[in-house]
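Secondary and tertiary structure notes
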Amino acid sequence: MILIKNGSIIRDNELVKRDILIDGDIIAKIAPSIEANVETIDATGCLVMPGAVDVHVHFREPGFEKKETIYTGSRAAAKGGVTTVMPMPNLNPCPDNVEAIELQKKIIDKDSIVRAFPYASVSVGEGDEKLSDIDNFHQMVTAITDDGRGVNNIELLKEAMRLAKKYDLVIASHAEDLVDGYKPQGEYVAVRREVELAKEIGCKYHFCHMSTKESFEAIRKAQQEGYTNITCEVAPHHLILNETMIKDANWKMNPPLRSEENRLETIKALLDGTACMVASDHAPHTEEEKSREYDKCPNGILGVETMLPIIYTYFVRTKKISLDRFLDIMVNNPCKVFKLPKHSISVASVADIAILDIEHEHTYTKEEIVSKGKNSPYIGMSFYGFPKYTLVNGQIVYKQ
Ligand code: DOR
Ligand code: ZN
């Protein structure tokens, strides 16, 4: 049994002081004061919340273990208060068939300290030519994506959409038109095209890391027309950074940091509900890769350790986002859209919990990074809300 004492939980949009008793893997009791002679966590000055759900992480295994592994990536997630992740399929072997998905799941079972629900790919090897073996693996995953590159083969995408509809899978789209690439129109041209297809076919269609005004306009319009099957996520970096701040390769990712206007539109989309969740796009690379010339180094920045502190600091602490909405965008909506097991701070819920220090500002350092990658633009920046403890299934998986 574990007792979490003197923390605050969110109830009806307010912070209230509650003690929480965990018995095995579940929350057994919540009360203003609990006394018990068991292992006790002091949560004074902390927000005790359900662990965050990050539907967009690159954990690189199998295939790219120099950048990250499921072992290190899951520990980075735990440090960030993230208790459920969805690892992306730009891997080797690519999870485009039953065997490759099984291989990845075996590594997850062995090494992951957080819950991990991997994506399968839409096309074989994310090659945009031949459909993955969706008929055979559809029960093994909840979503498919060719993240890292867009699907530009429209016939293939339509067939994937029909199968996604048939099997109730989500397609997560890294919407990028190959003609315009990283430019804003590279994103929104693909979004406009895919919104129309998703309306026509009616499968669950989720846009990853949206970052331009026009993309949000297209998605917002479809949602206003009643297409609740169309959803999107935004990433912390597009909410708090813009292209004028780029210093070096640790600020390089795809989609890239954009204009201040697009940053403000990204915030607007999160505030008005067009984007129903935040996801990190945690994308570690080796220090050697990121020390190459800017144009030659790979896209991607770390994200899973800093996502909760960033959203807490910029949006919750400033009261731009309510406490209830914070829970929705970090926990409830990702679970709902991707049909993941639910958890909350309530009796009988599984004890997946993040305990955030919301009273102290902390300056993020390179030394504290748990991920194998060190490519973070946030080194030297200060945030509130870094986790003091993280629990998964009633077990402490991170302690500051
Ligand atoms: O910045 C990015 N990094 N964007 C992507 O789409 C892929 C990712 C990666 O795999 O490194
Ligand atoms: Zn992506």
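Residues numbered from 1 in each chain as written. Chains lettered and ligands numbered in written order. Predicted model: local features only at pLDDT ≥ 70, side-chain atom pairs only at ≥ 80, totals over all residues. Heavy atoms only, no water.

**A word on the packing of aromatic side chains**
The way to describe two aromatic rings as a pair is by their centre distance and the angle between their planes. Keep this limit in mind: Only rings of Phe, Tyr and Trp enter the pairing, Trp through its six-membered ring, and a pair is recorded when the two centres are within 6.5 Å. The plane angle decides the type: under 30 degrees is stacked, over 60 is edge-to-face, the rest tilted. Definition used: whenever NZ (Lys) or CZ (Arg) falls within 6 Å of the ring centre and also within 35 degrees of the ring normal, the charge is taken to sit over that ring.
As enumerated under the stated definition, the model contains seven aromatic pairs in all. Each member of the aromatic cluster is reached from another via a ring pair, and the members are Tyr314, Tyr364, Tyr378, Phe383 and Phe386. Across from the ring centre of Tyr71, 3.5 Å away, lies the NZ or CZ of Arg75, which sits over that ring. Over the ring of Tyr294 we find Lys252, and its NZ or CZ is 5.4 Å from the ring centre.

**Describing the sheet that holds strand β8 (residues 115-116)**
What counts here: Only strands that DSSP links by at least two bridges are regarded as paired with each other. Strands here are runs of E lasting at least two residues and helices are runs of H or I lasting at least four, both read from the DSSP assignment and numbered beginning at the N terminus.
As summarised here, the arrangement of the three strands in space is β6-β7-β8, forming an open sheet in which the pairing is parallel. The outermost strands of the open sheet, each flanked by one partner alone, are β6 (52-57) and β8. With two bridges connecting them, strand β7 (residues 82-87) and β8 associate as parallel partners. Across the sheet, residue Thr84 finds its bridge partner in β8, namely Arg115.

**Observations concerning the site of ligand 1**
Using the following cut-off: Near residues are defined by distance, with any heavy atom within 4 Å of the molecule or strand qualifying the residue. Side-chain atoms alone can form a polar contact between residues adjacent in sequence; in general such a contact is a pair of N or O atoms within 3.5 Å, and within protein one must be able to donate a hydrogen while the other accepts it. Computed with the Shrake-Rupley method and a 1.4 Å probe, the accessible areas treat only the protein chains shown as cover for residues. Amino acids outside the nonpolar list (Ala, Val, Leu, Ile, Met, Phe, Trp, Tyr, Cys, Pro) and the charged list (Asp, Glu, Lys, Arg) are all regarded as polar, and Gly is one of them.
Taken together, His58, Arg60, Asn90, Gly148, His174, Met253, Asn254, Asp281, Ala283, His285, Asn299 and Gly300 make up the full set of residues adjacent to ligand 1. A distance of 3.4 Å separates an oxygen atom of ligand 1 from a polar side-chain atom of His58. Gly300 places a main-chain nitrogen or oxygen 3.2 Å from an oxygen atom of ligand 1. Burial of ligand 1 by the protein amounts to 94% of the accessible area it has alone, namely 290 Å². Taken together, the residues of the shell around ligand 1 break down into two nonpolar, eight polar and two charged.

**Some points on the side chain of Ser123**
To keep it simple, the criterion reads: Partly exposed residues are those whose accessible area sits between 20% and 50% of the maximum for their type, while under 20% is buried and over 50% is exposed, using a 1.4 Å probe and protein chains only. In what follows, residue pairs with any heavy atoms lying within 4.5 Å of each other are defined as contacts.
Turning to its location among the elements, Ser123 is positioned in the loop between β8 and α3 (134-137). Note on Ser123: relative accessible area 0%, which makes it buried. Engagement of the side chain of Ser123 in a polar contact is seen with the side chain of Asp146, the distance being 2.6 Å. Setting aside anything within four residues of it in sequence, one finds Ser123 in contact with Asp96, Asp128, Glu129, Lys130, Leu131, Ser132, Asp146 and Leu156.

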